[in-house]
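Below, each chain spelled out in residue letters.
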Amino acid sequence: MSAPRLGKPGQDRVYAPDFLTELFRNPLDPGYADAAAARRGSADSGAARGWRAWPTRSVSLVVVVMLGFLFAVAYRQTMADEPGRSQARSGLVAQIKERESQTDRLSTRADQLREEVSRQRDAALSGSAAARLRNLEASTGLGRVRGDGVVVRLADAPDKADAVTGAGAGPPRVLYSDLQGVANALWSAGAEAIAINGQRLTSTSTIRSAGEAMLVDFRPVTGPYEVSAIGPDSMRRKFEDSRNAALMRKVAQGTGLSFGVRESDDLTLPAAPEPQLRYAKPSVSPSPSASGVRSGSPGSSGPATTVSPSGGGR
Amino acid sequence: MIAVLALLAGVVLGVWLDPTVPAALQPYLPIAVVAALDAVFGGVRARLDRIFDDKQFVVSFISNVLVAGLIVYLGDQLGVGGQLSTGVVVVLGVRIFGNVAAIRRHLFRA
């Protein structure tokens, strides 16, 4: 069965430069042909050969036993691995679910406790101090706020590939930079509080993307995205006139994203979770900077205790 | 015939003893099985070609398994374990296919 172009039997074989062709043409180990040729060449009698062959024959039987052993072991191993793998998977899923519900529970408890803290504080503090604190909290995003404003709604394009630009790359999606732009345009249009899908933006908030997911303050948000902002009555007009809104309208026209602005009365924006400041220490200098005064602008006159908002009341 | 009995004996032994494979060797088990299959089909084809040789069979089995394991081990150390084991599987798969095709020709004349 040796290939016809191979040289004389027993001759040293050199691998052809195109190993793959050789592999496809002649899949059998060349050693078999060599051994057969050697056997044919040596003029041994069949009987003597048979006797002498016994040790090697038994060795090959042992090898066959080993083979069966190997197959059985591999089969059992694979079968044993399989439930383990799916178990690990479902275990992880269950853990994730459990942790999620735990997080939800804890954050609702944190909200309750925060409410209670502010209630107690209101009771403990004198009226004007408590009011100033509440104002500070509201303006920094640590307190819940209510008011009239606008809601900007952004949504991914519907999942069909007819959009000109997104023909090959799936449906066009809202990018984190879109959300950033909208939030920035709203700030510059006079917004005093902004929340994205119920995530209040604070001075340390981030809007970024990690893979496919959009993270606002490291919490994932999914589309459709609703950016709610509380601000003056002129905010809607200013926002609509902003370059960013024009850009988004154009993008929406071109790609099929949906982009809408509507006014909404009596919005309630939730409080942001307390920022965990680990490196920035509140400085209690007697003459705080101008920015400290500005951040406490609604109703605050005494800049002596601008400490509390960033320190989280601790 | 004896070979088939020996194979069955090996399977029974494996099921009966139910050895636990050391964790370090577990990644190499599938590749060892593929290499062993290559040796087996090579041997069957050689027997049908009437050029079977015990020594060649034993040596090809052991060296196939060892070399395949070694290549994958080396790949793991170099960080290309997946690709190298793919390469090993392709080469051995091609050989198995070729040999099985030859066996088929022998058995069915087709």
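Everything numeric here is computed off the predicted structure, so don't read it as measured data.

Parameters at a glance
Residues numbered from 1 in each chain as written. Chains lettered and ligands numbered in written order. Predicted model: local features only at pLDDT ≥ 70, side-chain atom pairs only at ≥ 80, totals over all residues. Helix = DSSP H or I, 4+ residues; strand = E, 2+ residues; numbered from the N terminus. Buried ≥ 20, exposed ≤ 12 C-beta atoms within 10 Å, placed from the backbone. Contact = placed C-beta atoms within 7 Å. pLDDT = per-residue confidence, 0-100. Pairing = 2+ DSSP bridges. Axes fitted to C-alpha atoms, helices over the stretch in contact; angles between N-to-C directions. UniProt positions renumbered as here; feature names shortened; annotations may be inferred. Core = buried A, V, L, I, M, F, W, Y, C linked by C-beta atoms within 7 Å. Parallel < 35°, antiparallel > 145°, perpendicular 65-115°, else oblique. Left-handed = near helix turned anticlockwise from the far one by under 90°. Expected span 1.5 Å × (residues − 1). Nonpolar A, V, L, I, M, F, W, Y, C, P; charged D, E, K, R; others polar.

A word on the overall build of chain A. Each helix and strand counted, chain A has 9 helices and 8 strands in total. Classification of the 314 residues of chain A by burial places 24% in the buried group. In chain A, the share of contacts with a sequence separation of at least 24, taken over all contacts with a separation of at least 6, comes to 74%.

So, on to the confidence of the model for chain A. Residue and element names in this part refer to chain A. Taken as a whole, chain A shows an average pLDDT of 77; of its residues, 77% reach a score of 70 or greater. Taken element by element, chain A is modelled with least confidence in helix α9 (residues 307-311), mean pLDDT 39, and with most confidence in strand β2 (residues 193-196), mean pLDDT 92. Throughout residues 1-8 the model reports pLDDT below 50, and contacts reaching past four residues in sequence, or to other chains, amount to 7 contacts. Predicted confidence for residues 288-314 stays below pLDDT 50, and this span has 36 contacts to residues more than four positions away or in other chains.

Further remarks concern the sheet that holds strand β6 (residues 219-221) of chain A. Residues and elements named next belong to chain A. Spatially, 3 strands are ordered β4-β5-β6 in an open sheet, and the strand pairing comes out antiparallel. Edge positions in the open sheet fall to β4 (207-210) and β6, since each of these has one partner strand only. Between one strand and the next, the sheet's axes are offset by a mean angle of 45 degrees, whatever the strand orientation. In the sheet, strand β5 (residues 213-216) pairs with β6 via 3 bridges, with the strands oriented antiparallel. Bridging from a neighbouring strand, V216 pairs with R219 of β6. Relative to the sheet, helix α5 (residues 176-188) contacts β4 and β5, its axis offset from that of β4 by approximately 175 degrees.

What follows covers the UniProt feature "transmembrane region" (unreviewed entry) in chain B. Residue and element names in this part refer to chain B. UniProt marks residues 27-44, 56-74 and 80-103 with the feature "transmembrane region" (unreviewed entry), using the numbering shown here. Helix makes up 89% of residues 27-44 and strand 0%, and the two end C-alpha atoms of the span are 27 Å apart. Taken as a whole, residues 56-74 contains 100% helix and 0% strand, while its terminal C-alpha atoms sit 26 Å from one another.

Before going further, it helps to spend a moment on the sheet that holds β2(A). Hydrogen bonds between backbone atoms are what pair the strands of a sheet, whose relative direction is either parallel or antiparallel. All names here are of chain A. Here we have 5 strands laid out as an open sheet, ordered β3-β2-β7-β1-β8, and antiparallel in their pairing. Lying at the two open borders of the sheet, with one neighbouring strand each, are β3 (199-200) and β8 (258-269). With 6 bridges joining them, strand β1 (residues 145-155) and strand β7 (residues 225-230) adopt antiparallel strand pairing. Its bridge partner being in β7, G149 is matched across the sheet by I230.

The biggest cluster of nonpolar side chains holds 31 residues, and the ones touching the most others in it are A:L179, A:V182, A:L186, A:I194, A:V227 and A:A229. At the level of secondary structure, the elements contributing two or more residues to this core comprise β1, α5, β2, β5, β7, α6 (235-241) and α7 (243-255) of chain A. Of all the elements, α5(A) adds the most residues to this core, at 5 residues. Other than its neighbours up to four places away in sequence, A:V227 contacts A:V152, A:L179, A:V182, A:A183, A:L186, A:I194 and A:I196. One finds B:Y28, B:A36, B:V88 and B:L92 within the second-largest nonpolar core, a separate group that totals 29 residues.

All names here are of chain B. Packing of helix α2 (residues 29-48) against helix α3 (residues 54-78) brings their axes to within 8 Å, and their N-to-C directions diverge by 155 degrees. The angle between the axes of α2 and α3 places the two elements in the roughly antiparallel class. In terms of crossing hand, the pair formed by α2 and α3 is right-handed. Residues I31, A32, A35, A36, D38, A39, G42 and G43 of α2 form the contact with α3, whose participating residues are F57, S60, F61, N64, V65, A68, G69 and V72.

Let us look at unusual backbone geometry. As a rule of thumb, non-glycine residues mostly have phi less than zero, and peptide bonds are mostly trans rather than cis. Residues and elements named next belong to chain A. Of note, N197 is a non-glycine position whose phi angle comes to about 45 degrees, a positive value. If you trace the backbone, N197 turns up in the loop between β2 and β3. Positive phi is not limited to glycine here, since D266 has a value of about 55 degrees. For D266, the position within the fold is in strand β8.

Across its 14 residues, helix α4 (residues 127-140) of chain A extends 20 Å between first and last C-alpha, which sits within 8% of the 20 Å expected from 1.5 Å per residue. Along α4(A), the residues that are buried comprise A:R132, A:L133, A:L136, A:E137, A:A138, A:S139 and A:T140.

You can see A:V64 is positioned in helix α3 (residues 46-124). Apart from the residues lying within four places of it in its own chain, the contact partners of A:V64 are B:A3, B:A6, B:L7 and B:G10.

Our next topic: the confidence of the model for chain B. Of the residues in chain B, 99% reach a pLDDT of 70 or more, and the chain-wide mean stands at 86. At the level of chain-chain contacts, confidence expressed as ipTM amounts to 0.82, with global pTM at 0.45.

Our next topic: the interface of chain A and chain B. Taken together, the contact pairs 31 residues of chain A with 40 residues of chain B. Contributions of two or more residues to the side of chain A that touches chain B are made by α1 (19-25), α2 (30-41) and α3 of chain A. Broken down by class, the residue content of the side of chain A that touches chain B amounts to 23 nonpolar, 5 polar and 3 charged.

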